[in-house]
Structures are given as C-alpha cells and as structure tokens.
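Coordinates in review
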Amino acid sequence: MANSVEHRQLRSSWVWLAILGAISLIGGIVALANPFAATMTAALLAAWVFMLFGVLQVVQAFRLRRGSWPIFLWSLLLGALALAIGLSLLFRPMEGIISLTVLVAIIFIVLGVVKLMYAYALRPISGWVWVFVSGLLSLVLGGMILADMPWSASAVLGILLAIELLSNGVFLLLVAFGLRAASNT
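Residues numbered from 1 in each chain as written. Predicted model: local features only at pLDDT ≥ 70, side-chain atom pairs only at ≥ 80, totals over all residues. Heavy atoms only, no water.

**Describing the environment of V110**
Basically, it comes down to this: Only runs of H or I of at least four residues qualify as helices and only runs of E of at least two qualify as strands under DSSP, and these elements are numbered from the N terminus.
Within the secondary structure, V110 is located in helix α5 (residues 93–121). Along the chain, V110 and G67 lie 43 residues apart, while their C-alpha atoms are 38 Å from each other.

Rendered as structure tokens:
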C-alpha cells in the first residue's frame, strides 16, 4: 500500500523535476557563455560552503569541550581553518580561483594515475582499454590546466560548473519524462 502511494507521489512530481532540469540546462548554457563569471560564482559558492562548514565545526567543537580537550582543540582548529579558507576565498576571489584551479588540476592528475593503475590491473578483462584511455585523458587535462596557469584559472572552474549543470539538466529531464510516461500507464 505505502509503496503504491510513494510511486504515485513520485510520478506526480515529474513537472517539478522537468522545471529543475530546464533551470539547470539554462544555467549550464549561461555558464558556458561566460566561463569567467561562472568561475567567480563557483569560487564564491565554495567560499560560502567553507564558511558555513567552519561555523558549524566551531559550534560543534564548543559542544564537545566538556569531553576531551584534544578533540575540542582539533575540532576548533578544523573549524577555524575552514572559516579562514572561506573568508580568504570571499575577500580575495582571484587568488582563490588560482588555488582551486591548481587543486582541480592535481585531482585530475591523481585520478589519471589511479585510472592507469586500475586499467593495468583490469588488463585481462574486456574493456580495460577504456579505463586506460580515461586515465590518459585525465592526465592530459590536468597537465593542460597546469601548463596554462594562471590563464586557465579564469575559465576552468566555470567550464566544469557548466558541464555539471548541463549533465544534471539532461539527467533531470530524462527522469521527469520517464516519470510522466510511467504516470500515463
């Protein structure tokens, strides 16, 4: 009984998912049209997330202070560090963009190395070449970002944000139309 009620509610929510998907697609197109503005938006969003995490961590630290002093101090330090990173990104976004872009490039390179090692381990299995190609692509992207620093910092985060918004928009629209079709049957 509850299962059919949940399915009915889910099927009736297809319109909201379609609206969210359309908004996400529009945001992705706007971000692709102006990658620098999208990069600044991503940096400011990261700043606010770090600051929120920092404040919540400091509050949590003071809730723990009666327990163990080392736990209190480490929690307080983590909260203060997150708050400092958030404030730094908020007040000096250009420097923050460069730092975040270098971090993205390093993540791509590390992921590339991990994928190559994974592909090597998967060699006897069909399809391992695709993992290998994905690893090479991650390495090349990370290297390209680092090779073009600091100029790449003005667009990389915005382009990645645009790709994420576009893929989420497509995903949400596909789910919405699937739910609509299911509700018509």
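**Things to note about a nonpolar patch on the surface**
As a reminder of what qualifies: Any residue with relative accessible area above 30% and no salt bridge may belong to a patch, with like charges joined within 9 Å and the nonpolar Val, Leu, Ile, Met, Phe, Trp and Tyr side chains within 5 Å. Here the accessible surface of atoms and residues is derived via Shrake-Rupley with a 1.4 Å probe, and residues count as covered only by protein chains that are part of the display. Here a salt bridge means any side-chain nitrogen of Lys or Arg lying within 4 Å of a carboxyl oxygen belonging to Asp or Glu. Only protein chains enter the accessibility calculation, which uses a 1.4 Å probe. A residue is then buried if its area is under 20% of the maximum for its type, exposed if over 50%, and partly exposed in between.
There is a patch of nonpolar side chains on the surface, built from I106, V110, V113, V114 and M117 and spanning about 430 Å² of accessible area. Considering the arrangement of structural elements, one finds V114 in helix α5. Since its relative accessible area comes to 45%, V114 is described here as partly exposed.

**Thoughts on the nonpolar core**
Selection criterion: What is meant by a nonpolar core is a set of buried Ala, Val, Leu, Ile, Met, Phe, Trp, Tyr and Cys residues, joined one to another through side-chain atoms within 4.5 Å. Note on definitions: a residue-residue contact is assigned when non-hydrogen atoms from the two residues lie within 4.5 Å.
Among the nonpolar cores identified, the biggest contains 15 residues, and L89, I97, L100, V104, I145 and L157 are the most heavily contacted of them. Elements represented by at least two residues in this core include exactly α3 (35–64), α5 and α7 (156–184). Broken down by element, the residue count for this core peaks at five residues, all from α5. Every residue in contact with L100, bar those within four places of it in the chain, is listed here: A43, A46, L89 and L157. With six residues, the next largest nonpolar core counts L17, L172, L173 and A176 among its residues.

The quantities given are spatial measurements derived from coordinates; they are silent on function.
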